[in-house]
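An overview of the molecular structure
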Amino acid sequence: NTSLEKNAFRFATCNEVLMMVVGSVCAVLHGSAQPLMLLVFGLLTDTFIEYDIELNELSDERKECVNNTIQWKQNYTTAWPSFNTSLNQSVWGLMNNSTQKMTQFAFYYVGIGAAVFLLGYFQISLWVTAAARQIQLIRKMYFSKVMRMEIGWFDCTSVGELNTRMSDDINKINDAIADQVAIFLQRFTTFVCGFCIGFVKGWKLTLVIVAASPLIGIGAGLMALFVAKLTGMELQAYAKAGAVADEVLSSIRTVAAFGGELKEVERYDRNLVSAQSWGIRKGLIMGFFTGYMWLIIFLCYGLAFWYGSSLVVDTEEYTPGTLLQVFFGVLIAAMNLGQASPCLEAFAAGRGAATIIFETIDREPEIDCLSEAGYKLNRVKGDIEFHNVTFYYPSRPDVKILDQLSVAVKSGETTAFVGPSGAGKSTAVQLIQRFYDPKEGMVTLDGHDIRGLNIQWLRSLIGIVEQEPVLFATTIAENIRYGRPDVSMDDIITATKEANAYNFIMELPQKFDTLVGEGGGQMSGGQKQRIAIARALVRNPRILLLDMATSALDNESEAVVQEALDKVRMGRTTISIAHRLSTIKNADVIVGFEHGRAVERGKHNELLERKGVYFTLVTLQSQGDKALNEKARQSRASIRQRSRSQLSNLIPESSVPVTGELGPRAYAVTQADKSKPAPVARILRYNIPEWPYMLFGSFGAAINGGVNPVYSLLFSQILATFSVTDPVAQRKEIDSICLFFVMVGVVSFFTQMLQGYAFSKSGELLTRRLRRLGFHAMLGQEIGWFDDHRNSPGALTTRLATDASQVQGATGSQIGMIVNSLTNIGVAICMSFYFSWKLTLLILCFLPFIALSGGFQAKMLTGFAKQDKQAMEAAGRISGEALNNIRTIAGLGKERNFVDMYEAQLDAPYQAALKKANVYGACYGFAQCVVFLTNSASYRFGGYLVRQEGLHFSLVFRVISAIVTSGTALGRASSYTPDYAKAKISAARFFQLLDRVPQISVYSDKGDKWDNFQGNIEFIDCKFTYPTRPDIQVLNGLNVSVKPGQTLAFVGSSGCGKSTSVQLLERFYDPDHGRVLIDGHDSTRVNVPFLRSKIGIVSQEPILFDCSIAENIKYGDNSREISMNEVISAAKKAQLHTCSMTLAIIRDPKILLLDEATSALDTESEKTVQEALDKAREGRTCIVIAHRLSTIQNSDIIAVMSRGFVIEKGTHDQLMAVKGAYYKLVTTGAPIS
């Protein structure tokens, strides 16, 4: 453990070290208590047995008792008449003597019990307190270090990962340095002491028992090995099915378009079979090994008692008490060694977590935002210049973002950066804030390299307004105050007036004290934006950075915000990144970016003449704007604008998500996904078909439960044999008992196997059934459901893999556990009442406590994790908010504030932890000492019964051991198996999925179907937003119609809604407003499978499934079996260049949708495919979404789209004549998307 000591305890102060030392001493003393109790127990047994032997002897009328010794009577013959009296006296003498001894033993027990209580309390509370203090410190250090890291570090470490580290990993360290250490020390001491007693009191017997123990060890080892191997096999077997699920879910649109849902469910189910059989094998093997272990244990018992009794009876080396001491000493030692091993796992986990955490704590940030170093200039002019800056993001070292960029920004001017997305505009702005340092070259402010300036000071000069402004979950006034801490209310009001925010704030009921909600969720985009501007202004910055500050707004708010920005730009150095012309036109200088270089610079008119980057941007946009303004005039509606700038649409979106997108929203989502545990009855309903297996399993479990009490019966029977005076009878009895042990072992072996097999069979069948149902339910959801990032293919496949397999923890094995415990307790109590009801009643008074302590210990091992989690939630919220918005916080220079807020929140959990340490310690002590107290009371009372009522002493042992062992079993049952709670939650998540009613149902027969399907399509005023991005209007009143047999082509920049219109037609989504008519039927009323079977779709990247080409082609029509001839003829038609084409043609569809079908091919194959397409189009309604103008010139209707509606439509020639947007696209040869 040396590295653990070095690592985990490195933050311990002297006080804590002292606490841990004292706690360890207590743990060691506590550990030696159980073996001490054995010594008492041995003496106690001897007393009982001596007494019984004396009674036996006294019943022989030829002996008498004089001064407590038994001897032959002298005048044997004469004493007949006086016999009665003397017997009574001598018995009384004996009794008093043994009663005194019993009382003495009872006091020993009580004394040990009290000591155990105190030791247990101190050992736990001291360790837990010490750990709480250290963890508190680690948390503070970790968070403050994370907040100091440079932004590049955050790019490479996901926020989710940091949040888990702060909660789970630090909790793991806590587990490793808290109570686990104490418990480990205690158990280890017990192990050592137990063996010591064994060897000191009787080394021969100890060696015999130890000799048999490797068998158990081998069994356990093999079991672990096999289970690991079989689990591997099972996972591998499931991986096949998982791959099918993943493939299907990833290409859900293709599956839906071709109506292949049920086919896929079948394919998935076929692959589940092998996983199921491995699972059953695993259950059988586990049952086999558990049975084997019990068998060995019982054989050991038999051997030990047989050999031990011969040592007691034949050679008289041992007293019966010694035999028990040795036997139990070794037994307890072995048990404690077993129980100590889980602690080692906790240590290992803690060490692993500690390495990661301490690595971060020790890491020095490359750009330390809290450092005091660096110059502060006396006066700042505000000239910024980039000198040959080359830059790569640390998270993507292979992509060159800036390439020898040189730009000068003059002070007091407004400079606009324009260019396609990914050209490096925002990156340049981040370099000015010094979020990153350039790889080559330098950025200077007034001629000083900014790396030499003090960071906090530099950032305090800069005000920044981002595209998606981040507000913190507090009041408006507080949010503005983040700009400058010492700001007065008047300044805030001035700033809000400048930002055009004052009026709307005064209209809110709580004015400046209005809470903005998590991530500013309560405010509209325009309001958030203006608050953010006010926050930037309050700083009175020299340099203003506007990163697409208005692009997320609708026209009206945009005008207001723009006006505010124009007001505040005066006299400041301003850099504005924008895509809207309106925002750029009046800039002093416009700099055009492309591929990380500044390629052009000048005023609006100069750049238009150059016909470069800027020109392309302008032509496309002004067209869209004109149409939009007319439309807005007609409807007077404010139209929310697409948040990604139009300009970035000139270049296909880079596939790297914007960090902001998964910000607060993703965090809020994980919070909301808590489901209530499912009712067990419902889980069992799914398992009904397996009732015979469950019945057999329960039968096995019941017999296994009865084994414990039977063991105590045999054990007490052995004690009884020691008081038999006749050696021959004694020997015979001992042999028969040992045989009995062997029989019990064999029975137990078979029943364990039965239980293991039966329950694993029922469990695996349930798992398979649930997986199938779950997959079926998933494929039945509407496409919009898959857009939610919680339902990404990865998340869904894991859900199928883990949730379904965890559910079985609530049925089979759980029932087994309950049946087992119940029979155990039932048999024990019946047996005890039969032998001595008085003693049983006394012990039953203690039973609740024993059961409680058993349950409590089980609870304790799972720890107080839940309470900790709740206490940490407030701190977690702060850390989550801070990490999600780290850029904003860094820009405002507010790291220190968040660290202080976080540390303030840590106080409550810390106080709770200290209070918990005491409660926890006391409970632990109590749980440990209950058994001692029970023993003291029961043996004292048992002694009394033996004397007064002539109860045979072996029955005292029988009753006590039967009930005490069953009491611990009760504790186990009350704590349930750990999988149980998990299973219920998994099941709940599963049922949520099964119960969800999809908005567009694939499996239902409802809806219109009609015979002569024409393919007449009409879009009437369709408006649509994607459910996952409700703030972006994708279709904005689309009106267009196609007659049967016509070809319609959509043209436009990406994001204008071309593909979306096709998805509405397929009914992947339904429009929010307006209608899609097919042959005059409203699409929402048409039967989904019917509609999709009439549509053939060829998409950009045809997705082929992992099976043969012929099967892939047959996929095109899942409603019937397809002959090989049809496959071949379809393949000929499609020239087999794209399998996907063949897919579409084999269904013989009435409507053909071609989504950029040829864009992924080279020119040669494109020609061939184009011919094939032209052939395929004959006599079918066809909708083409094109990326190359050459492919659509012969269409019947060409519709040019921009911003979600059609700006012009007609044939190629008509549109060329109009000289509108289409004409410009064709003549300039600009790329469309």
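Residues numbered from 1 in each chain as written. Predicted model: local features only at pLDDT ≥ 70, side-chain atom pairs only at ≥ 80, totals over all residues. Heavy atoms only, no water.

If you check an unreviewed UniProt entry, the chain appears there as Bile salt export pump from Lates calcarifer. In its Subunit (unreviewed entry) section, UniProt records this for the chain: "Interacts with HAX1. Interacts with the adapter protein complex 2 (AP-2) throught AP2A2 or AP2A1; this interaction regulates cell membrane expression of ABCB11 through its internalization in a clathrin-dependent manner and its subsequent degradation." (UniProt positions renumbered as here; feature names shortened; annotations may be inferred.)

**With respect to the overall build of the chain**
Within the chain one finds 43 helices and 22 strands. Partitioning the intrachain contacts of the chain with sequence separation of at least 6 by distance along the chain shows that 81% fall at a separation of at least 24. (Helix = DSSP H or I, 4+ residues; strand = E, 2+ residues; numbered from the N terminus. Contact = heavy atoms within 4.5 Å.)

**Side note on the side chain of S125**
Assignment of secondary structure puts S125 in helix α4 (residues 83-148). Overall, S125 belongs to the buried group, its relative accessible area being 4%. From its side chain, S125 meets the backbone oxygen of Y121 in a polar contact 2.9 Å long. Setting aside residues up to four positions removed in sequence, S125 forms contacts with A917, N918 and G921. (Buried < 20%, exposed > 50% of the residue type's maximum accessible area, 1.4 Å probe, protein only. Polar contact = N/O pair within 3.5 Å; in protein donor to acceptor, adjacent residues only side chain to side chain.)

**Some remarks on the pattern of salt bridges**
In the structure shown here, the tally under the stated rule is 22 salt bridges. Close ionic contact of R768 with D269 constitutes a salt bridge, the shortest N to O distance being 3.1 Å. One end of the pair, R768, is in helix α25 (residues 727-780); the other, D269, is in helix α10 (residues 261-313), and 499 residues separate them in sequence. Of the residues examined, R768 reaches a relative accessible area of 23% and is grouped as partly exposed. Between E782 and R996 there is a salt bridge, with its nearest N and O atoms 3.1 Å apart. Here E782, found in the loop between α25 and α26 (783-787), pairs with R996, found in the loop between α35 (979-995) and β13 (1017-1025); they are 214 residues apart in sequence, far enough to count as distant. By relative accessible area, which is 6% here, E782 ends up buried. Judged by its relative accessible area of 28%, R996 is partly exposed. Taken together, the shared-partner salt bridges connect E266, D269, R768 and R772 into one network. (Salt bridge = Lys/Arg side-chain N within 4 Å of Asp/Glu carboxyl O.)

**Brief notes about the sheet that holds strand β18 (residues 1095-1098)**
Across the sheet, six strands lie side by side as β18-β19-β20-β15-β21-β22; this open sheet has mixed pairing. Two strands lie at the open edges of the sheet, namely β18 and β22 (1205-1210), each paired on one side alone. For this sheet, the mean angle separating the axes of adjacent strands, direction not counted, is 20°. Pairing between strand β19 (residues 1151-1155) and strand β20 (residues 1181-1185): five bridges, direction parallel. The residue bridging L1153 from the neighbouring strand is I1183, located in β20. Taken strand by strand, helix α36 (residues 1058-1065) contacts β15 (1047-1052), β18, β19, β20 and β21 (1197-1202), and its axis lies near 145° from that of β20. (Pairing = 2+ DSSP bridges. Axes fitted to C-alpha atoms, helices over the stretch in contact; angles between N-to-C directions.)

**Section: the packing of helix α3 (residues 33-58) against helix α24 (residues 691-722)**
Running from amino to carboxyl end, α3 crosses α24 at an angle of 50°, the nearest separation of the two axes being 9 Å. Classified by the angle their axes make, α3 and α24 are oblique. Together, F41, T45, I49 and I53 of α3 and F715, L719 and F722 of α24 make up the contact between the two elements. The class makeup of the residues in the contact of α3 with α24 is six nonpolar, one polar and no charged. (Parallel < 35°, antiparallel > 145°, perpendicular 65-115°, else oblique. Nonpolar A, V, L, I, M, F, W, Y, C, P; charged D, E, K, R; others polar.)

**Some thoughts on the nonpolar core**
Core analysis: the largest hydrophobic core is formed by 96 residues, its most contacted members being I138, M147, I384, F386, F417 and L445. A per-element tally of this core places α4 first, with twelve residues. Taken domain by domain, the makeup of this core includes at least three residues from each of domain 1 (1-73 + 93-190 + 837-950) and domain 2 (410-421 + 466-587). Dropping the residues within four chain positions of it, F417 is found in contact with V407, V409, K425, A428, I575, S576, I577, A578, V591 and F593. Within the second largest apolar cluster, 68 residues are counted, among which are A237, A256, Y1069 and M1201. (Core = buried A, V, L, I, M, F, W, Y, C linked by side-chain atoms within 4.5 Å. Domains from an automatic or database assignment.)

**Overview of the packing of α25 against helix α28 (residues 812-835)**
Across the interface, α25 lies against α28 with an axial gap of 8 Å and an inter-helix angle of 145°. Touching Q755, F759 and S762 of α25 are G812, S813, I815 and G816, all from α28. A breakdown of the residues in the contact of α25 with α28 according to their chemical character gives two nonpolar, five polar and no charged.

**With respect to the confidence of the model for the chain**
For residues with low pLDDT, the predicted coordinates do not support detailed interpretation. Averaged over every residue, the pLDDT of the chain is 76; residues scoring 70 or more account for 79%. Considering each helix and strand of the chain separately, the mean pLDDT is smallest for helix α22 (residues 664-672), with a value of 35, and largest for helix α2 (residues 14-31), with 89. Predicted confidence is poor over residues 1-6, with pLDDT under 50, and the contacts of this stretch with residues over four places away or in other chains come to eight contacts. Per-residue pLDDT stays below 50 along residues 632-673; that stretch engages in 76 contacts with residues further than four places along the chain or on separate chains. (pLDDT = per-residue confidence, 0-100.)

**Quick look at the pairing of strand β6 (residues 440-445)**
Across five bridges, the pairing between strand β3 (residues 384-392) and β6 is antiparallel. Of the residues in β6, the one forming a bridge with F386 is V443. Taken together, the two bridges between β6 and strand β7 (residues 448-449) define a ladder with antiparallel strand orientation. In the strand pairing of β7, L445 is matched with H448. Counting the residues in the hairpin turn of β6 and β7 gives two residues, including D446, whose phi is positive at 50°.

**What about the packing of aromatic side chains?**
Inspection of the entire model under this criterion finds 42 aromatic pairs. Relative to F188, the ring of F184 has its centre 5.9 Å away and its plane inclined at 20°; by these criteria the two rings are stacked. Taken together, the positions of F184 and F188, both in helix α7 (residues 179-201) and four residues apart, correspond to about one turn of that helix. Judged by relative accessible area, F184 falls into the buried class, the value being 18%. Look at F188 and you get partly exposed, because its relative accessible area is 38%. (Phe/Tyr/Trp six-rings, centres within 6.5 Å; stacked < 30°, edge-to-face > 60°.)

**Thoughts on helix α33 (residues 907-949)**
In this model, α33 (43 residues) spans 62 Å end to end at C-alpha, consistent with the 63 Å of a helix rising 1.5 Å per residue. The largest bend along α33 reaches roughly 30° and is located at C929. In the stretch just after α33, G950 is the one whose phi turns positive, near 60°. (Expected span 1.5 Å × (residues − 1). Bend = angle between axes of the 7 residues up to and from the residue.)

**Let's talk about the sheet that holds strand β11 (residues 589-594)**
The mixed open sheet is built from six strands, whose spatial order is β8-β9-β10-β5-β11-β12. In the strand order of this sheet, the two ends are held by β8 (462-465) and β12 (597-602), each with one partner. Neighbouring strand axes in the sheet, compared pairwise and without regard to direction, differ in orientation by 20° on average. Against the sheet, helix α12 (residues 425-432) engages β5 (414-418), β8, β9 (543-547), β10 (573-577) and β11, with an angle of about 150° to β10.

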